[in-house]
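Chain and residue survey
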Amino acid sequence: MLIGSDFDKIEFSFLGLDLLEPNAFIGDTLILITAITLGYKTKKINKHLPFFINWNIFFWLFGIGMFLGGIGHLMFNYFGFSGKYFPWLMGILAIFFVEKAMISLMSVKYQPYFSKAVLIKLIISLFLEILVFVFIDMSLDHSIGLRIPAINSTIGFIFALGVLGYKFSKSINPHFIWLCYSVLLMLPSGLFIALKINIHQWFDKNDFGHLILILSMLFFYKSIKSYGLKIKV
């Protein structure tokens, strides 16, 4: 175990290419498989209501974005930080659809206000992230590029999954409480990244985060499926 610093990146060669971090690529691929599977299952539950449509979009955007991020890790020697730009932007966009999904269950009276608020947050987040790409030299500290997506995700998940998840667990379906549990589940991942807690070179802080994200998505789907069963009754 290594705390406070990171292991050296794993290097290997394949088909004449000098590649990095196969563990990150494997983790991101598992997230892709999980996300696409859950997106497909969500679409089968309901193809018409905004709640299910937006969750389905989230799963696809999130899964593909994470997979492209895995390629960015793998091909870092060739793409550099530019290989991470598009995945980071997709991550910001994916959170927007979680927010839209949950807002769709709010009272019609309040939906327009919150819809405008999350749209403004999306535009600001994308704009700030692009400014980072243009004006910040991330070779000095690559974590700078993750700050805007991380802040955006934290705000979005706490609001959509924590606050609304808890509210809807009381007023719509008790299984929405699993969305609150998913937020609590993600807290240790933030600590692992902030404190640089790395269990092993082949299972570092990012790999731990990948595992947590997969479990969190399963929690998301548990709430989605339960609500789908309720409205069919």
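Values in this document were obtained by computation on a predicted structure and should not be read as measured data. (Residues numbered from 1 in each chain as written. Predicted model: local features only at pLDDT ≥ 70, side-chain atom pairs only at ≥ 80, totals over all residues. Heavy atoms only, no water.)

Section: the nonpolar core
Of all hydrophobic cores here, the largest spans 53 residues; its most connected members are F51, W55, F58, F59, M102, L161 and F220. For this core, the leading source of residues is helix α4 (residues 82–103), giving 11 residues. Apart from the residues lying within four places of it in its own chain, the contact partners of M102 are F51, W55, A160, L164, G165, F168, F176 and L179. (Core = buried A, V, L, I, M, F, W, Y, C linked by side-chain atoms within 4.5 Å. Buried < 20%, exposed > 50% of the residue type's maximum accessible area, 1.4 Å probe, protein only. Helix = DSSP H or I, 4+ residues; strand = E, 2+ residues; numbered from the N terminus. Contact = heavy atoms within 4.5 Å.)

Topic: helix α6 (residues 144–171)
For α6, which comprises 28 residues, the first-to-last C-alpha distance of 40 Å matches the rise-based estimate of 40 Å (1.5 Å per residue) to within 8%. If you look at α6, its biggest bend is around 35 degrees, right at G165. (Expected span 1.5 Å × (residues − 1). Bend = angle between axes of the 7 residues up to and from the residue.)

Observations regarding the pairing of strand β3 (residues 17–20)
In this structure, strand β2 (residues 11–14) lies alongside β3, joined through four bridges in antiparallel fashion. Within β3, the position partnered with F14 by the bridge is L17. Taking the residues that link successive antiparallel strands as the turn, the β2-β3 hairpin has two residues, and the phi of L15 there is positive, at about 55 degrees. (Pairing = 2+ DSSP bridges.)

Observations concerning the packing of aromatic side chains
Counting across every chain of the model gives 21 aromatic pairs. Centre to centre, the rings of F51 and F52 are 5.1 Å apart; their planes meet at 90 degrees, and the pair counts as edge-to-face. By relative accessible area, F51 is classed as buried at 2%. Summarising the aromatic geometry, the rings of F76 and F81 are spaced 5.1 Å apart at their centres and angled 85 degrees between planes, so their arrangement reads as edge-to-face. One aromatic cluster is present, built from ring pairs that chain together W55, F58, F59, F62, F157 and F220. (Phe/Tyr/Trp six-rings, centres within 6.5 Å; stacked < 30°, edge-to-face > 60°.)

Comments concerning a positive patch on the surface
On the surface, a cluster of positive charge is contributed by K41, K44, K222 and K225. Looking at the element boundaries, K222 is found in helix α8 (residues 205–232). (Patch = residues over 30% accessible without salt bridge, like charges linked within 9 Å, V, L, I, M, F, W, Y side chains within 5 Å. Areas by Shrake-Rupley, 256 points an atom, 1.4 Å probe, with all protein chains shown as cover. Salt bridge = Lys/Arg side-chain N within 4 Å of Asp/Glu carboxyl O. Lys, Arg positive; Asp, Glu negative; His and termini not counted. Charge placed at Lys NZ, Arg CZ, Asp CG, Glu CD.)

Observations concerning the pattern of salt bridges
Scanning the entire structure with this criterion turns up two salt bridges. Where K9 meets E21, a salt bridge forms, and the shortest distance between an N and an O atom there is 3.6 Å. Linking K9 in the loop between β1 (2–3) and β2 with E21 in the loop between β3 and α1 (22–45), this pair joins segments that are 12 residues apart in sequence. Owing to a relative accessible area of 45%, K9 belongs among the partly exposed residues under this scheme. In this structure E21 comes out as buried when scored by relative accessible area, which is 9%. A salt bridge links K121 to E99, with the shortest nitrogen-to-oxygen separation between them at 2.9 Å. Within this pair, whereas K121 is found in helix α5 (residues 111–135), its partner E99 is found in helix α4, the two being separated by 22 residues in sequence. The class of K121 is buried, set by a relative accessible area of 17%.

Digging into the packing of α1 against α8
When two helices pack together, their arrangement is given by the angle between the helix axes and the distance between those axes. With their axes 10 Å apart at the nearest point, α1 and α8 run at an angle of 5 degrees to one another. In terms of orientation, α1 and α8 fall into the roughly parallel class. Residues N23, A24, G27, D28, L30, I31, T34, A35, L38, K41, T42 and I45 of α1 touch α8, and the partners they reach there are D207, H210, L213, I214, M217, L218, Y221, I224, K225, G228 and K232. (Axes fitted to C-alpha atoms, helices over the stretch in contact; angles between N-to-C directions. Parallel < 35°, antiparallel > 145°, perpendicular 65-115°, else oblique.)

Side note on the environment of H175
Within the secondary structure layout, H175 lies in the loop between α6 and α7 (177–195). In sequence terms H175 and K9 are 166 residues apart; their C-alpha atoms lie 41 Å from each other. When residues no more than four places from it in sequence are discounted, the contact partners of H175 are K222, S223 and S226. A polar contact is formed between the side chain of H175 and the side chain of S226, at a distance of 3.0 Å. (Polar contact = N/O pair within 3.5 Å; in protein donor to acceptor, adjacent residues only side chain to side chain.)

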